[in-house]
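One letter stands for each residue in the lines below.
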Amino acid sequence: MARPTGKQNCGRVVLVSCLALLAAGLVADFLWASSHRFSSVGMSLPSSVTTGKDTEKKKKDKVRERKLSATFQDLAAPELKWEKMTAAPVPRLDGAAIQIRNFLYVFAGYGTIDIVHSHVDIYNFVDNTWGGRFDMPKEMAHSHLGMVTDGRYIYIVTGQYGPQCRGPTAKTFVLDTDTNSWSDFVPFPVPRYAPATQLWRGRLHVMGGSKENRHTPGLEHWSIAVKDGKAMEKEWRSEIPIPRGGPHRACVVVDDRLFVIGGQEGDFMAKPGSPIFKCSRRMEVVFSDVYMLDEEMKWKVMPSMPKPDSHIEFAWKVVNNSIVIVGGTTEKHPETKKMVLVGEIFQFNLNTMKWYVIGKLPYRVKTTLVGYWEGQLYFTSGQRDKGPDDPAPRKVMAEMWRTKLILNP
Ligand SMILES: *[C@@H]1O[C@H](CO)[C@@H](O)[C@H](O)[C@H]1NC(C)=O
């Protein structure tokens, strides 16, 4: 790259192309075109590019510091009163959760990057206790599961088998929560990481997620007719692909419409040749996109989230015709490239089709597992930030918190 010699030479066009080249070199698989926010937020100047006068440079550095402060991307949000409840028996990252009546069934997840859980814990909202632990089938994935319930049967589709960045499975199961007994289900046509999963119009719908290498977004969408925990067909049926693929999005059915919210393209991958499939960073693009399917079976674009948000597949609840989403991850820090966690609660009001930021969490946290009971919003598990001034991920949590949910009508 030519090194500009003076401020005249380093005009806007040169700067932009310098930056583009640099970024392309740094991050070969970064999807530049789809990252509007990234480019507008003001990426750091490469140190080899000078703007001429020292004072001018200092001034720019200051502005940059402010823009890229550690709290990058935090949004203003109402303070909420949080109450700490009994912590879960184990910490969990990338676990899964399903609420049935007053019970929150919490599945699988990483305890650490090298240890995965293979059991279910149950929280009872009535007496606020944990209990009822039982094992998952040996063949069931340990993280990145697709999961949904009809109120009794829980369908568990694909996911990552094992710790670190191991491969996905196509195996699929059903849990009958009346008897806590498991059965096998028709395997998914392909293995997937964290596909969007919902029951809609008598069919189990599964779409998106990451492909076998953990990074490449899948766009495919399949469904199969189900009833009382059983498949009514022999095979999965191909459906309209989703507009953008990738893992870790919320997939919600309300009032006969199916929504997919947020998520990302790309994810960590196993280091080539690593015997333990050691996770290595790949750049992901996080999105704020919201898409909807209705009876026309065509995707419609809905208003975007207040900011890009991923790792929210079990971080939502529907309350009073609003979708409430708790925490997540947003776009990486432009300078450090570190993952940036989300510390807000969002409301998508389906009466008005408007998004709101309705509160601050006790800390920024991703892959929360969320429940709602008698006016209180609960969250447990996930990976929290390093502290108020550093939104990068650190500790895997077992804590359970609740707050009174206040929605915008
Ligand atoms: C939901 O609606 C009911 C009935 O209007 C109301 O009493 C309740 O407070 C609402 N809940 C929330 C969390 O807004």
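Attention here is on the structure that accompanies the text. (Residues numbered from 1 in each chain as written. Predicted model: local features only at pLDDT ≥ 70, side-chain atom pairs only at ≥ 80, totals over all residues.)

Attention shifts here to the overall build of the protein. Secondary structure summary: the protein contains 3 helices and 34 strands in total. Considering the protein as a whole, with its 409 residues, one finds that 40% of them fall into the buried category. (Helix = DSSP H or I, 4+ residues; strand = E, 2+ residues; numbered from the N terminus. Buried ≥ 20, exposed ≤ 12 C-beta atoms within 10 Å, placed from the backbone.)

Near the ligand you find V319, N320, G375, L405 and L407, and these make up its full shell. Taken together, the residues of the shell around the ligand break down into 3 nonpolar, 2 polar and no charged. (Near = placed C-beta within 6 Å. Nonpolar A, V, L, I, M, F, W, Y, C, P; charged D, E, K, R; others polar.)

This paragraph deals with the nonpolar core. Core analysis: the largest hydrophobic core is formed by 79 residues, its most contacted members being A97, V106, Y155, I156, W316 and I325. With 6 residues, strand β27 (residues 340–349) is the single largest residue contributor to this core. Excluding anything up to four places from it in sequence, W316 contacts A250, V252, I323, V324, I325 and V370. (Core = buried A, V, L, I, M, F, W, Y, C linked by C-beta atoms within 7 Å. Contact = placed C-beta atoms within 7 Å.)

A separate point is the pairing of β27. Of all 10 residues in β27, 9 are buried, a share of seventy percent or more. Examined bridge by bridge, strand β26 (residues 322–330) and β27 share 8 bridges and lie antiparallel to one another. Across the sheet, V326 pairs through a bridge with I345, a residue of β27. Hairpin connection between β27 and strand β28 (residues 354–360): a loop of 4 residues separates the two successive antiparallel strands, and M353 in this loop has a positive phi of roughly 55°. (Pairing = 2+ DSSP bridges.)

Our next topic: unusual backbone geometry. The backbone of Q73 sits at a positive phi, close to 75°, despite the residue not being glycine. Topologically, Q73 is positioned in the loop between α3 (54–67) and β1 (83–85). What makes Q73 buried here is the crowd of 22 C-beta atoms within 10 Å.

Moving on, we come to the sheet that holds strand β30 (residues 369–373). Read across the sheet, 4 strands follow the order β1-β34-β31-β30 without closing on themselves; strand pairing throughout is antiparallel. Each of the sheet's edge strands pairs with one partner strand only, and the pair in question is β1 and β30. Ignoring strand direction, the axes of neighbouring strands in this sheet form an average angle of 25°. The pairing of β1 with strand β34 (residues 400–404) spans 3 bridges and is classified as antiparallel. Bridge assignment links K84 to a residue of β34, and that residue is W401. (Axes fitted to C-alpha atoms, helices over the stretch in contact; angles between N-to-C directions.)

Now for the environment of F287. Looking at the secondary structure, you find F287 in the loop between β22 (285–286) and β23 (290–293). Separated by 24 residues in sequence, F287 and G263 place their C-alpha atoms 5.8 Å apart. Leave out the neighbours within four places in its chain, and F287 touches R244, G262, G263, Q264 and P308.

Strand order in the open sheet formed by 3 strands is β29-β32-β33, and the pairing between neighbours is antiparallel. Single-partner strands in this sheet number two, and they are β29 (365–366) and β33 (390–396). As paired strands, β29 and strand β32 (residues 383–387) are joined by 2 bridges and run antiparallel to one another. For V365, the partnering residue across the bridge sits in β32 and is R384.

Another aspect to go through is the pairing of strand β17 (residues 250–254). The pairing of β17 with strand β18 (residues 257–261) spans 5 bridges and is antiparallel. Looking at the pairing, V253 lines up with L258 of β18. The hairpin turn running from β17 into β18, its antiparallel successor, is 2 residues long, and D255 in that turn takes a positive phi close to 55°.

With that settled, the discussion passes to the environment of M292. Relative to the elements of secondary structure, M292 occurs in strand β23. In this structure, the C-alpha to C-alpha distance between M292 and F259, residues 33 residues apart in sequence, is 4.5 Å. Non-local contacts of M292, meaning those with residues more than four positions away in its chain, are made with R257, L258, F259, K300 and M302.

Position of D114 relative to the elements: it lies in the loop between β4 (110–112) and β5 (115–116). For the pair D114 and K278, spaced 164 residues apart in sequence, the C-alpha to C-alpha distance is 9.1 Å. Those residues in contact with D114 that lie beyond four places of it in its chain are P163 and Q164.

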